[in-house]
Amino acid sequence: MTAIREGRVVIVGSGLIGRSWAMVFASGGYQVKLYDIVQEQVTTALENIRKQMKELEEIGMLKGTLNAEQQLSLISGCTDLKAAVEGAIYIQECTPENLELKKKIFGQLDLIVSNNVILSSSTSCLLPTKLFTGLKHVKQCIVAHPVNPPYYVPLVELVPHPETDPCTLEKTYALMKKIGQSPVRLTKEIDGFVLNRLQYAIISEAWRLVGDGIISPVDLDLVMSDGLGMRYAFMGPLETMHLNAEGMLNYCERYREGIIRVLKSFGPIPEFTGVAEEKINTAMCEETPADSEHLNDRRCWRDNCLVRLAKLKKEIKSD
Ligand code: NAI
């Protein structure tokens, strides 16, 4: 049973990702201070979290072993940064993806935090050297990049700054495990981290195939959702190789030549503009018009699918 744990976590920025992190930490039994510069934003965030947790509880998908009221009692809002970080063990920054803004916030935190707290950023693509270089507490700094929505998609990429203390990485890794996330460690920073590098490789070839008229946009998406994606929800590309022959060495022996031949036929990096953009946009808008109502409906459908997939993965793990 998840006990209520010692130590407080601070979430800086109560938008989409900040709210989700707050819920994940509370589900793991941690006290959470949700900080934002705008009081109204904090109030809305707390209301939204209450609504989400109650709904999750009703459908049996609330994370952790504490009930919704117990988890909600662990989360409180705050608009005073100094008071928020007092005594905190971990700070997860979730402000808009803007380098100058994030540098300013980490600069402010650097002046008021102790030598024990971990300072972590949710940034999707800003490198740790851009965010943390020059900070007095750089050893305590790390990027913990979640996947949207973190409540249902547990992966977190941990990316250290060259001066990050190995202890910071290990402690963050352990903390992520404790709250039920699935952390991965990068040994050093790289543009796009790992998830987006893989995603961009797929987007790039998808774009070329549609742009070259080999396949329609809708069929291209089916190749992923009804093909590759079916197994990628349970195992990665490397294990897939291992199982698709008599082990990895046999796979390479059988397929390396073919893989290299096909890879050499890949075209240049697409511009993501022009005729291909128009064609792909038209096809996407036919399925889901790009207005907020339709996009939100489809996002709700996607999140609902993710909830059910998360449930299935949980059942499979406990088999
Ligand atoms: P958002 O725009 O929904 O929320 C940002 C929040 O930060 C707002 O509540 C805003 O009031 C607050 N804020 C602005 N300035 C602040 C300050 N000085 N101090 C405290 N709070 C402040 O943004 P979102 O989508 O939640 O993204 C947050 C971070 O998470 C970004 O770095 C983003 O790249 C990253 N991320 C986003 C993902 C996504 O799909 N939305 C996925 C993974 C990471």
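Residues numbered from 1 in each chain as written. Predicted model: local features only at pLDDT ≥ 70, side-chain atom pairs only at ≥ 80, totals over all residues. Heavy atoms only, no water.

(A) Region of interest: the pairing of strand β8 (residues 182-185). Relative to β8, strand β7 (residues 155-160) runs parallel, the two being bridged by four bridges. Bridge pairing links Glu157 to Val184 in β8. Taken together, β7, helix α7 (residues 166-178) and β8 form a β-α-β motif whose crossover is right-handed. (Pairing = 2+ DSSP bridges. Helix = DSSP H or I, 4+ residues; strand = E, 2+ residues; numbered from the N terminus. Right-handed = clockwise from strand over helix to strand, strands pointing away.)

(B) Structural context of the layout of surface pockets. Reported here for the second largest pocket is a volume of approximately 680 Å³. Surrounding the second largest pocket, 21 residues form its lining, Gln52, Pro149, Tyr152, Cys300 and Asp303 being those nearest its centre. Looking at the lining of the second largest pocket, the elements that each hand over two or more residues are α1 (16-27), α2 (39-58) and α13 (292-317). When residues of the lining of the second largest pocket are assigned to their parent elements, the largest contribution, seven residues, is made by α13. Its residues assigned to classes, the lining of the second largest pocket comprises nine nonpolar, six polar and six charged. (1 Å grid on protein atoms, 1.4 Å probe; cavity = no way out; pocket = protein on both sides within 12 Å on 5 of 7 lines; lining within 4 Å. Points joined across faces, edges and corners; volume = space filled by probe spheres on them. Nonpolar A, V, L, I, M, F, W, Y, C, P; charged D, E, K, R; others polar.)

(C) Structural detail: the side chain of Asp110. Tracing the chain through its elements places Asp110 in helix α5 (residues 99-112). Among buried Asp, Glu, Lys and Arg side chains, Asp110 stands out as unpaired, with Lys136 the closest opposite charge at 5.8 Å. In terms of polar contacts, Asp110 uses its side chain to reach the side chain of His137, at 2.7 Å. Not counting the four nearest positions on each side in its chain, Asp110 is found in contact with Leu135, Lys136 and His137. (Buried < 20%, exposed > 50% of the residue type's maximum accessible area, 1.4 Å probe, protein only. Lys, Arg positive; Asp, Glu negative; His and termini not counted. Salt bridge = Lys/Arg side-chain N within 4 Å of Asp/Glu carboxyl O. Polar contact = N/O pair within 3.5 Å; in protein donor to acceptor, adjacent residues only side chain to side chain. Contact = heavy atoms within 4.5 Å.)

(D) Focus on the nonpolar core. Core analysis: the biggest nonpolar cluster contains 40 residues, and Ile11, Trp21, Phe25, Ile49, Met53 and Tyr90 have the highest contact counts within it. With six residues, α1 is the single largest residue contributor to this core. Excluding residues that lie within four positions of it along the chain, Trp21 makes contacts with Ile11, Gln92, Cys94, Ser122, Ala144, Pro146, Val156, Met176, Ile179 and Gln181. By size, the runner-up hydrophobic cluster in this structure holds 26 residues, among which are Val85, Ile105, Leu109 and Val138. (Core = buried A, V, L, I, M, F, W, Y, C linked by side-chain atoms within 4.5 Å.)

(E) Representation of the packing of aromatic side chains in the model. Considering all chains together, one arrives at seven aromatic pairs under this definition. Between Phe25 and Tyr90, the aromatic rings sit 5.6 Å apart at their centres with planes inclined by 45°, giving tilted as the arrangement. Residue Phe25 is found in helix α1, and its partner Tyr90 is found in strand β4 (residues 88-93); the two are separated by 65 residues along the sequence. Across the pair, exposure class does not vary: Phe25 and Tyr90 are buried alike. When the centroid spacing of 5.1 Å and the interplanar angle of 85° are considered together, the rings of Phe106 and Phe132 count as edge-to-face. Taken together, the residues Phe106 in helix α5 and Phe132 in helix α6 (residues 128-132) connect sequence positions 26 residues apart. Residue Phe106 shares its accessibility class with Phe132, and that shared class is buried. Connected via pairs of aromatic rings, a cluster forms that spans Trp21, Phe25, Tyr30 and Tyr90. (Phe/Tyr/Trp six-rings, centres within 6.5 Å; stacked < 30°, edge-to-face > 60°.)

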